[in-house]
Amino acid sequence: MTLKGQFYADESILIYDFATNSIVAQGTPATDRTSFTLTGLPSGQRDYLIKASCANGQETIDEGVFTVS
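Throughout this description, residue numbers start from 1 for each chain and increase along the sequence as written. At least 70 in pLDDT is required for a residue's local features to be given in this predicted model, at least 80 for side-chain atom pairs to be given and counted, and no such filter applies to totals for whole chains, interfaces and linings, which use all residues. In computing side-chain properties, one takes all heavy atoms of the structure into account and sets aside hydrogens as well as water.

What follows covers the environment of Gln6. Helix and strand labels come from DSSP, where a helix needs a run of H or I of at least four residues and a strand needs a run of E of at least two; each type is numbered from the N terminus. Following the sequence through the fold, Gln6 ends up in strand 1 (residues 2-7). Each residue is placed in one exposure class: buried if its accessible area under a 1.4 Å probe, protein chains only, is under 20% of its type's maximum, exposed if it is over 50%, and partly exposed if it falls in between. Residue Gln6 is classed as partly exposed on the basis of its relative accessible area of 41%. Residues Gln6 and Ser35, spaced 29 residues apart in sequence, show a C-alpha to C-alpha distance of 6.8 Å. For Gln6, the contacting residues outside a window of four places in its chain are Glu11, Arg33 and Thr34. The contact criterion used is simple: two residues touch if any of their non-hydrogen atoms lie within 4.5 Å.

The following block contains the structure:
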């Protein structure tokens, strides 16, 4: 899954399965960037909660039904 936006090397991106509230993918960009790709997500249509986590806490970036192919 490729996310578009502003991603920083001092934050982690966490993708939660909304139904089970479990982390299905996570990663930290090596450098500041405007897109970030996470791999290993199961294919198909699922409801995910995407959060950014840093020293100041966690913030929800997006929530919705995403299709991973």
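With that settled, the discussion passes to the packing of aromatic side chains. Within 6.5 Å between ring centres, the rings of Phe, Tyr and Trp (the latter by its six-membered ring) count as paired, and their orientation is classed by plane angle as stacked under 30 degrees, edge-to-face over 60, tilted in between. Taken as a whole, this structure holds 2 aromatic pairs when the rule is applied. On the numbers, 6.2 Å between centres and 40 degrees between planes, the contact of Phe7 with Phe36 is tilted. In this pair, Phe7 sits in strand 1 while Phe36 sits in strand 4 (residues 33-37), placing the two residues 29 residues apart along the sequence. Phe36 matches Phe7 in its accessibility class, with the two residues each being buried. Lysine and arginine charges are scored as sitting over a ring when NZ or CZ, respectively, is within 6 Å of the ring centre and within 35 degrees of the ring normal. Above the ring of Tyr16, the side-chain terminus of Lys51 is found at 5.3 Å from the ring centroid.

What follows deals with the nonpolar core. In globular proteins that are soluble, nonpolar side chains generally tend to be buried together. The definition of a nonpolar core used throughout is a set of buried Ala, Val, Leu, Ile, Met, Phe, Trp, Tyr and Cys residues joined through side-chain atoms within 4.5 Å. Within the largest apolar cluster, 14 residues are counted, with the highest numbers of intra-cluster contacts made by Met1, Ile13, Ile15, Leu38 and Leu41. Elements represented by at least two residues in this core include exactly strand 1, strand 2 (12-17), strand 5 (44-54) and strand 6 (57-68). A total of 3 residues in this core trace back to one element, the largest contributor, which is strand 5. Those residues in contact with Met1, other than ones at most four positions away along the chain, are Ile15, Phe36, Thr37, Leu38, Leu41, Tyr48, Ile50, Phe66 and Val68.

Quick look at the confidence of the model for the protein chain now. Across the protein chain, pLDDT averages 91, with 100% of residues at or above 70. Per-element mean pLDDT across the protein chain ranges from 89 in strand 6 up to 95 in strand 4. Along the chain, pLDDT gives the predictor's confidence residue by residue, from 0 to 100.

At least two bridges found by DSSP between two strands are what make those strands a pair. As paired elements, strand 2 and strand 5 share 6 bridges and run antiparallel to each other. Bridging from a neighbouring strand, Asp17 pairs with Tyr48 of strand 5. Linking strand 5 to strand 6, which pair antiparallel, is a turn of 2 residues.

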